[in-house]
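Take a look at the letters that make up each chain.
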Amino acid sequence: MQKVLITGVTGFVGSHLADYLLSLGDVQIYGTIRHRSKLDNILHIQDKIKLFEGDLTDATSVDCILKEVMPDYIFHLAAQSFVPYSWVAPSETLKVNIFGAVNILEFVRRYLKDCIVLLAGTSEEYGLVYQNELPIKESNVFRPLSVYGISKVAQENLGYVYYRSYGVKTILTRSFNHFCGRRGFEFVESKITRQALEILLGKRDKFSLGNLDTVRDFTDARDIVRCYWLLSQEAANGNEHVLATPLNLCSGKGYVIKDLLNKISGIVGISPIIDQDSNSLRPKNADVPILIGDCLKVEQIIGKVSKIPIEDSLNHLIEYWRLKI
Ligand code: G4F
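The sections below set out a description of the structure shown in this document. Model, not experiment: these values are computed from the prediction.

Calculation criteria
Residues numbered from 1 in each chain as written. Predicted model: local features only at pLDDT ≥ 70, side-chain atom pairs only at ≥ 80, totals over all residues. Heavy atoms only, no water. Core = buried A, V, L, I, M, F, W, Y, C linked by side-chain atoms within 4.5 Å. Buried < 20%, exposed > 50% of the residue type's maximum accessible area, 1.4 Å probe, protein only. Helix = DSSP H or I, 4+ residues; strand = E, 2+ residues; numbered from the N terminus. Contact = heavy atoms within 4.5 Å. Phe/Tyr/Trp six-rings, centres within 6.5 Å; stacked < 30°, edge-to-face > 60°. Lys NZ or Arg CZ within 6 Å of the ring centre and 35° of its normal. Salt bridge = Lys/Arg side-chain N within 4 Å of Asp/Glu carboxyl O. Polar contact = N/O pair within 3.5 Å; in protein donor to acceptor, adjacent residues only side chain to side chain.

Let us look at the nonpolar core. Residues Ile-6, Leu-21, Phe-75 and Tyr-228 are the most contacted members of the largest nonpolar core, which totals 46 residues. Sorting the residues of this core by element identifies β1 (2-7), α1 (12-24), β2 (27-33), β4 (73-76), β5 (116-122), α7 (221-236), β11 (246-249) and α9 (296-302) as the ones contributing at least two each. Here the element with the most residues in this core is α7; it accounts for eight residues. Ignoring anything within four residues of it in the chain, the contact list for Ile-6 reads Gly-14, Leu-17, Ala-18, Leu-21, Ile-29, Tyr-30, Gly-31, Thr-32, Phe-75 and Leu-77.

Moving on: the packing of aromatic side chains. Aromatic rings in a pair are described by how distant their centres are and how their planes are angled relative to each other. What the rule picks out here adds up to twelve aromatic pairs. For the ring pair Tyr-320 and Trp-321, a centre distance of 5.1 Å and an interplane angle of 75° mean the geometry is edge-to-face. Taken together, Tyr-73, Phe-75 and Trp-229 form an aromatic cluster joined through their ring pairs. Just above the ring of Tyr-166 sits the side chain of Arg-109; from NZ or CZ to the centre is 4.5 Å. One Lys or Arg, Arg-183, reaches over the ring of Phe-187 and ends 3.8 Å from the middle of that ring.

What follows concerns the environment of Lys-258. Secondary-structure assignment places Lys-258 in helix α8 (residues 257-268). Residue class for Lys-258 comes out partly exposed when judged on its relative accessible area of 34%. Considering only alpha carbons, one finds Lys-258 and Thr-214, 44 residues apart in sequence, at a separation of 8.2 Å. With sequence-adjacent residues up to four places away left out, Lys-258 is seen in contact with Leu-212 and Ile-274.

Right, let's talk about the pattern of salt bridges for a bit. Per the counting criterion, the structure on display carries 20 salt bridges. Residue Glu-189 pairs with Arg-183 through a salt bridge whose shortest N-O separation is 3.0 Å. Residue Arg-183 is classed as buried on the basis of its relative accessible area, which comes to 11%. Each of Asp-63, Glu-106, Arg-109 and Arg-110 takes part in salt bridges that share partners, so that together they form one network.

A few words now on the environment of Gly-54. Mapped onto the secondary structure, Gly-54 falls in the loop between β3 (49-53) and α2 (59-69). Through-space distance from the C-alpha of Gly-54 to that of Thr-32 is 6.7 Å; in sequence the pair is 22 residues apart. Ignoring sequence-local partners within four residues, the contact set of Gly-54 consists of Ile-33, Arg-34, Ser-61 and Ile-65.

Okay, the side chain of Asp-287 next. Looking at the element boundaries, Asp-287 is found in the loop between β13 (274-276) and α9. For Asp-287, a relative accessible area of 17% gives the class buried. Only 3.1 Å separates the side chain of Asp-287 from the side chain of Asn-211, close enough to count as a polar contact. Within the structure, the side chain of Asp-287 is placed 3.5 Å from the side chain of Arg-216, a separation counted as a polar contact.

This is the structure in structure tokens:
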């Protein structure tokens, strides 16, 4: 049986990856959790996975966990992934996102030479993109606009260096926005959905949100985790084209956030009245205006990335928040 370690297994994407792998069978899943991590996302599978408490920024902690598990695959998903928080806590963002990765890579290069390590990167690495560069290919220049974006550029570069220097089998994905049920409450899809349901229930009368003019490329997180696994299987089968090379994961379709809000309002059945909340605005000139990706490179290897229609993802998210509220 293959041993898979998911860092950040209690998180939104980590828990969906665990669900997906359990549905395939023939894998033993191990997960890292932090002290006092909320287990809500994995309560339904807790008896099927093995959890290890630790701090990924602490090399000793990482060594202890990896020595115990000795995984065949590591999906490194644990991160400080909320872009605005990276301006509030820049050092912490860099520490968690860079040291976490390097501690894993260090152990793998010393003791786990055959292990396949997927480092989850992001479209935020591209940052500012010009109209004539759309849809964004992997060859696009990086102009990150957030500390978070910089932290993920560094993580990706580390993945490249550890492959070139030591032969560590790294997979370097750049996922564009992804969501479905369990999406963290502070991200825009969840914030809009929660507020829409609160308006429906008469708990509030307006949306209170930040900048609705940006464009994002959305994929269902369940498609993203399927792609993570398919890429790892390519690597396991000796396909070197998936190693240490950036791979966009996206749908290729852009939505203005305002249009997403209108779509959610339509499904929930409310009329969207909006107040701009200045606290939800990012620093001037720092909100990435447009991210639409090109995923031809990865689709030539593993087939279609974005299979689940956005309406299904929205319904999944709405159902999730309906039960939570
Ligand atoms: O949901 P967001 O906070 O996601 P963002 O910044 O695009 O980052 C997400 O996608 C990345 C991949 O592209 C990931 F790497 C990252 O970890 C994360 O998952 O904001 C999306 C857009 C932004 O332009 C933001 O300004 O929505 C806009 N927005 C408008 N009002 C808001 C709000 N975002 C948030 N979080 N809250 C608002 O009230």
